[in-house]
Each structure stands twice: as C-alpha cells, then as structure tokens.
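# Architecture at a glance
Chain by chain, the residues run as shown.
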Amino acid sequence: WRGRDGVVEPVEKVFSRNAGSRGYKSVDPNETATLLVHRLPRTTEVAHIEEMFLAFTFVKPKLVKEIAFSGTHGKCYVEFASADHANLAYDTLLGEEREDK
C-alpha cells in the first residue's frame, strides 16, 4: 500500500471455528487482544503493519511481533491494548470475511 499512494487492496479477513481440533487452545475471538496477520508479502516489514493499522483503523497496536516468513509469505501477531481495541481494528478493516481452512 505504501508504493501505491496509500491505495490498499481489500483485506481478506479470516477466522477459524475449529482451532481446538488442531491441538490449539480454543479462545473466543472476542476475548483476545491479539490478531494474526498472515499472507504477508516478503517485502513487508513490522513498521508497515503498525502504519497500516494506524492509517486504516486509527487503532494503534501495542506490539507487532516479528514476521515469520515461510516460502513467499509471512505472518505475525499484533497485540492491542485490549480485546475491544483488537475487535475495533479487525472490524474496521475493509475486506471480505471468510473462514480459514
């Protein structure tokens, strides 16, 4: 988005209903202050994630963890001050929501 004068492609928002079945502790998404941001291009830096949330949601992340790359894409966790802040940031992002498989 930085190289396109702030124009952002729609964000694909995904969630998982069955996290518990994969050995992860199932957490109500409305009760966590952390979002997983994934399918990040290799050129993405931590600062880009913070700037994107500020520019498009007006919610400042408390912490953007290091991006873990695998192949051509990466993912990172973004922590907010509260679950309400995380939910506001998620709900404010433009894009189609679908279940992650």
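Residues numbered from 1 in each chain as written. Predicted model: local features only at pLDDT ≥ 70, side-chain atom pairs only at ≥ 80, totals over all residues. Heavy atoms only, no water.

## Observations regarding the packing of aromatic side chains
Each aromatic ring pair is described using two quantities: the centre-to-centre distance and the angle formed by the ring planes. One pass over the full model with this rule turns up one aromatic pair. Taking the centre distance of 5.3 Å and the plane angle of 80 degrees together, the rings of Phe 53 and Phe 80 count as edge-to-face. Remark: Phe 80 occurs in the loop between strand 5 (73–79) and helix 2 (83–92) and Phe 53 occurs in helix 1 (residues 46–57); sequence separation between them is 27 residues. Phe 80 carries the same exposure label as Phe 53, and that label is buried. (Phe/Tyr/Trp six-rings, centres within 6.5 Å; stacked < 30°, edge-to-face > 60°. Helix = DSSP H or I, 4+ residues; strand = E, 2+ residues; numbered from the N terminus. Buried < 20%, exposed > 50% of the residue type's maximum accessible area, 1.4 Å probe, protein only.)

## Topic: the environment of Glu 50
With respect to the helices, strands and loops of the structure, Glu 50 is situated in helix 1. For Glu 50, a relative accessible area of 28% corresponds to the partly exposed category. Distance from Glu 50 to Val 64, taken between C-alpha atoms, is 6.8 Å for residues 14 residues apart in sequence. Setting aside residues no more than four positions away along its own chain, Glu 50 makes contact with Lys 60, Pro 61 and Val 64. (Contact = heavy atoms within 4.5 Å.)

## Re the side chain of Thr 57
Relative to the elements of secondary structure, Thr 57 occurs in helix 1. Looking at Thr 57, its side chain comes within polar contact range of the main-chain oxygen of Phe 53, at 2.5 Å. If we ignore the near neighbours within four places in the chain, the residues touching Thr 57 are Met 52, Ala 89, Thr 92 and Leu 93. (Polar contact = N/O pair within 3.5 Å; in protein donor to acceptor, adjacent residues only side chain to side chain.)

## Looking at the nonpolar core
Within the largest apolar cluster, 16 residues are counted, with the highest numbers of intra-cluster contacts made by Leu 35, Val 37, Ile 49, Phe 53, Cys 76, Val 78 and Phe 80. With residues near it in sequence (within four places) discarded, Val 37 still touches Ile 49, Phe 53, Gly 74, Lys 75, Cys 76 and Val 78. (Core = buried A, V, L, I, M, F, W, Y, C linked by side-chain atoms within 4.5 Å.)

## Observations regarding the pattern of salt bridges
The full count for this structure, using the stated rule, is two salt bridges. Close ionic contact of Lys 60 with Glu 50 constitutes a salt bridge, the shortest N to O distance being 3.8 Å. In this pair, Lys 60 sits in the loop between helix 1 and strand 3 (63–64) while Glu 50 sits in helix 1, placing the two residues 10 residues apart along the sequence. Residue class for Lys 60 comes out exposed when judged on its relative accessible area of 53%. Residue Lys 65 pairs with Glu 79 through a salt bridge whose shortest N-O separation is 3.2 Å. Taken as a pair, Lys 65 in the loop between strand 3 and strand 4 (68–70) and Glu 79 in strand 5 lie far apart in primary sequence, 14 residues in all. A relative accessible area of 36% means that Lys 65 is categorised as partly exposed. (Salt bridge = Lys/Arg side-chain N within 4 Å of Asp/Glu carboxyl O.)

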